[in-house]
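Okay, here's what each chain looks like letter by letter:
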Amino acid sequence: MTLPLHTLGVAELGRRLESGEATSVEITTHLLARVAEHRQLGAFLCVDEEAALAQAQAADARRAAGERGLLLGVPLAHKDIFVTEALPTTAGSKMLAGYRSPFDATVVHRLAAAGMVTLGKLNCDEFAMGSANENSAYGPVKNPWDATRVPGGSSGGSAAAVAARLLPAATGTDTGGSIRQPASFSGVTGIKPTYGVCSRYGMIAFASSLDQAGPFARSAEDCALLLSAMSGFDERDSTSAERPPQDYHAALSKARDGASAERPLAGLRIGLPREFFPAALAADVDGAVRAALREFEALGATLVDVSLPRTELSIPVYYIIAPAEASSNLSRFDGVKFGHRAAHYADLTDMYRKTRAEGFGPEVKRRIMIGTYVLSHGYYDAYYLQAQKLRRMIADDFQACFGQCDVIAGPVAPTVAWKSGAQGDDPVAAYLADIFTLPASLAGLPGMSVPAGFGEGDMPVGLQLIGNYFQEGTLLHAAHAFQQATDWHRRAPPGIGT
Ligand code: GLN
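Everything numeric in this text was worked out from a predicted model, so none of it was measured. (Residues numbered from 1 in each chain as written. Predicted model: local features only at pLDDT ≥ 70, side-chain atom pairs only at ≥ 80, totals over all residues. Heavy atoms only, no water.)

> How should helix H4 (residues 106–113) be read in this particular structure?
Helical geometry: 3.6 residues make up each α-helical turn, so side chains three or four residues apart lie on a common side. Those residues of H4 not exposed but buried are Thr106, Val107, Val108 and Leu111. As for H4, its buried residues are in contact with strand S2 (75–79), strand S4 (169–174), strand S6 (212–217) and helix H7 (220–230). Backbone geometry just downstream of H4 places Gly115 in the positive-phi region, at approximately 100 degrees. (Buried < 20%, exposed > 50% of the residue type's maximum accessible area, 1.4 Å probe, protein only. Helix = DSSP H or I, 4+ residues; strand = E, 2+ residues; numbered from the N terminus. Contact = heavy atoms within 4.5 Å.)

Written out as structure tokens, the structure reads:
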């Protein structure tokens, strides 16, 4: 029996394209129909069928001319925080309604150069601020596993689209967890690389010292393919890491020293920070994560106890630094240069005030106010400077752990995806749920979410793997070995038509 095209991942589709069993036009047509059928998920903010089919035709022509590559002709869509020349970009904000960028983000450009077909742009929290995709000016995204729950955020559209088999892959960004947490809530695989691995050029800035792009897909193998194509030095981003291009996909099949077929992870030391397993951790999440860790042990890894003593402090530190940077980055949205401008105003100051009052949603305004406050004279030393010092200590704590282990593991989030609206008007409740993703973000380390089982309400649970700087290859390798031995990542939400 041939499997329907939407059930296949990136590498599987790539192999069909290579063998001539499918064309990009066939795959693209099939997925566009699924996207249209599943509008109610709210995952897409725009779809351009005609442009997608033209790209698919071009990919088929490149293949017919002898070009090869597993990404050539495979569809994806981009979080609407990456600017695109051919499609509108909103960042989930009314402020950018109708905005067209004169250029493509580097990540978008590189994936298109590899021959990937862009179906459209994906919903996200406004300016990537949120954990539930309930802060988008264009409506919420539903979790494909249970439409009464959130898909996670801020890259909720990306995670939901991949989980619902509308797409084999999508891009996202992670400032404090926005790839890992929605991947966990929606049962897909996602990786945030080391800060500087993917170019931030053309990624609408939220908190520049934290923002990183990364892929969502259904497996570590697929993430490795995507990351190889989207990463690499870019002279247009001054914080881009100057390193040679990496082939994360080829590295997956390289055996570790001393490993065997049965024990592919022999020698890998996995550190379990005790602060990642607090008494308050939901029992279902704890159970799924520990069961996954036993599987890693069966694959040859050893588990060691480590400590990240400042884990709790990562919440106040992040919620000072990220808003501080956001308040500065978002000052460019003043009604003069980009997007929305108030229709009626008395003078210049009134124009700024009305434009920003109308264009930004409540969470964005809250962060601009917090950020402006912590940077203001008299409070800078008390808040911002202190937060920066603690940020350094949090990064140092990780280095102490990496003396004892190769990767760190734990849950991605303290619970499974919560019910839509569950956090009402309590923003702090959502901030607290970021506790396990923020430390790696503050340290600039790579982190990954791997489907690891199910919890309350049959909702997916993600296992987080954190590596040392530039060790995304180690994370992908470990996750790939786990996925060869388990099938959590192959489970599809019920009723999505597999
Ligand atoms: N939930 C975090 C926040 O609201 C992380 C967001 C992100 O990574 N973009 O800031």
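That covers the picture; the talk isn't over yet.
> Would you mind going over the packing of helix H9 (residues 283–298) against helix H16 (residues 472–485) with me for this structure?
Two quantities define a packed helix pair, namely the angle between the helix axes and the distance between the axes. In contact at an axis separation of 10 Å, H9 and H16 are set at 95 degrees when each is read in the N-to-C sense. Judged on the interaxial angle alone, H16 and H9 are roughly perpendicular. Across from Ala292, Glu295 and Phe296 in H9, the residues of H16 making contact are Ala478, Phe482 and Ala485. (Axes fitted to C-alpha atoms, helices over the stretch in contact; angles between N-to-C directions. Parallel < 35°, antiparallel > 145°, perpendicular 65-115°, else oblique.)

> Is there a simple way to think about the side chain of Asp125 in this case?
Looking at the element boundaries, Asp125 is found in the loop between strand S3 (117–122) and helix H5 (156–163). An unpaired buried charge is present at Asp125: no salt bridge exists, and Lys79, the closest side chain of opposite charge, is 7.3 Å distant. In terms of polar contacts, Asp125 uses its side chain to reach the backbone amide nitrogen of Glu134, at 3.1 Å. A distance of 2.8 Å separates the side chain of Asp125 from the backbone nitrogen of Asn135, its partner in a polar contact. When neighbours within four sequence positions are excluded, Asp125 is seen to be in contact with Ala91, Gly130, Ser131, Ala132, Asn133, Glu134, Asn135, Ser136, Gly153 and Ser154. (Lys, Arg positive; Asp, Glu negative; His and termini not counted. Salt bridge = Lys/Arg side-chain N within 4 Å of Asp/Glu carboxyl O. Polar contact = N/O pair within 3.5 Å; in protein donor to acceptor, adjacent residues only side chain to side chain.)

> Where do I start with the environment of Met393 in this structure?
Structurally, the position occupied by Met393 is in helix H13 (residues 380–401). Residue classification places Met393 among the partly exposed positions, given a relative accessible area of 35%. In this structure, the C-alpha to C-alpha distance between Met393 and Arg310, residues 83 residues apart in sequence, is 7.9 Å.

> Explanation requested: the site of the ligand in the structure shown.
Around the ligand, a shell composed of 15 residues is seen, among which Ala128, Gly176, Ser178, Tyr318 and Arg367 lie nearest. A distance of 2.7 Å separates an oxygen atom of the ligand from a polar side-chain atom of Ser178. Relative to its unbound accessible surface of 300 Å², the ligand loses 99% to contact with the protein. In terms of residue class, the shell around the ligand is built from five nonpolar, seven polar and three charged. (Near = heavy atom within 4 Å. Areas by Shrake-Rupley, 256 points an atom, 1.4 Å probe, with all protein chains shown as cover. Nonpolar A, V, L, I, M, F, W, Y, C, P; charged D, E, K, R; others polar.)

> Explanation requested: the pattern of salt bridges in the structure shown.
Two side chains of opposite charge can pair, provided their charged atoms sit close to one another. Under the definition given, this model contains 21 salt bridges. The closest approach of N and O atoms between Arg149 and Glu456, which form a salt bridge, is 3.0 Å. A residue pair is termed long-range when its members are at least 10 positions apart, and Arg149 in the loop between S3 and H5 and Glu456 in the loop between strand S10 (447–454) and strand S11 (460–467) qualify at 307 residues. Take Arg149: its relative accessible area is 5%, and that puts it in the buried class. Judged by its relative accessible area of 45%, Glu456 falls in the partly exposed class. Between Lys337 and Asp334 there is a salt bridge, and its shortest N-O distance comes to 3.2 Å. Each member of the salt-bridge network shares a partner with another, and the members are Asp146, Arg149, Lys419 and Glu456.

> Any chance you could explain the environment of Ala112 here in plain terms?
In this fold, Ala112 is placed in helix H4. Residue classification places Ala112 among the partly exposed positions, given a relative accessible area of 33%. Distance from Ala112 to Leu76, taken between C-alpha atoms, is 9.8 Å for residues 36 residues apart in sequence.

> Quick question: what am I supposed to make of helix H12 (residues 362–375) here?
In this model, H12 (14 residues) spans 20 Å end to end at C-alpha, consistent with the 20 Å of a helix rising 1.5 Å per residue. Within H12, burial applies to Glu363, Val364, Arg367, Ile368, Gly371 and Val374. End-on view of H12: buried residues confined to an arc of 140 degrees, all on one side of the axis. Residues of H12 that are exposed and point over 90 degrees away from its buried face: Pro362 and Met369. Looking at the buried positions of H12, the neighbouring elements they touch are helix H10 (314–329), helix H11 (348–359), H13 and helix H14 (427–432). (Expected span 1.5 Å × (residues − 1). Arc of directions from axis to C-beta.)

> What is the right way to read unusual backbone geometry from this model?
Excluding glycine, most residues fall at negative phi; most peptide bonds, likewise, are trans. Omega for the peptide link from Gly153 to Ser154 comes to 10 degrees, which places this bond in the cis form. In this fold, Ser154 is placed in the loop between S3 and H5. The backbone of Arg165 shows a phi angle near 60 degrees, a positive value even though the residue is not glycine. Summarising the element assignment, Arg165 is placed in the loop between H5 and S4.

> For this particular structure, what's the right way to read the packing of aromatic side chains?
The geometry of an aromatic ring pair is captured by two quantities: the separation of the ring centres and the angle between the planes. What the rule picks out here adds up to 18 aromatic pairs. The interplanar angle of 45 degrees and the centroid separation of 5.0 Å between the aromatic rings of Phe127 and Phe333 together place this pair among those described as tilted. Residue Phe127 is found in the loop between S3 and H5, and its partner Phe333 is found in the loop between H10 and H11; the two are separated by 206 residues along the sequence. Each member of the pair, Phe127 as well as Phe333, carries the same accessibility label: buried. Relative to Tyr431, the ring of Tyr319 lies with its centre 3.9 Å away and its plane at 15 degrees, an arrangement referred to as stacked. (Phe/Tyr/Trp six-rings, centres within 6.5 Å; stacked < 30°, edge-to-face > 60°.)

> Explain the side chain of Ser184 here, please?
Note that Ser184 resides in helix H6 (residues 180–186). Beyond its immediate chain neighbours, meaning those up to four positions away, Ser184 contacts Val412, Ser449, Pro460, Val461 and Gly462.

> Where do I start with the pairing of strand S9 (residues 407–411) in this structure?
One face of the sheet, then the other: side chains in a regular strand alternate in exactly this way. Counting buried positions over the five residues of S9 gives five, a clear majority of the element. One ladder, built from two bridges, connects strand S7 (residues 269–273) with S9; its direction is parallel. Looking across to S9, one finds that Ile270 is bridged to Val407. Looking at chain direction, S9 and S11 are connected through five bridges and run antiparallel. Along S11, the bridge assignment pairs Ala409 with Leu465. (Pairing = 2+ DSSP bridges.)

> Looking at this model, I keep getting lost on the pairing of S10. Mind explaining?
The element S10 is largely enclosed, with a buried count of seven among its eight residues. Here three bridges tie strand S5 (residues 189–192) to S10, and the two strands are oriented antiparallel to one another. For Ile191, the partnering residue across the bridge sits in S10 and is Met448. Note that S10 and S11 share seven bridges and pair antiparallel. Counted as the bridge partner of Gly453 is Val461 from S11.

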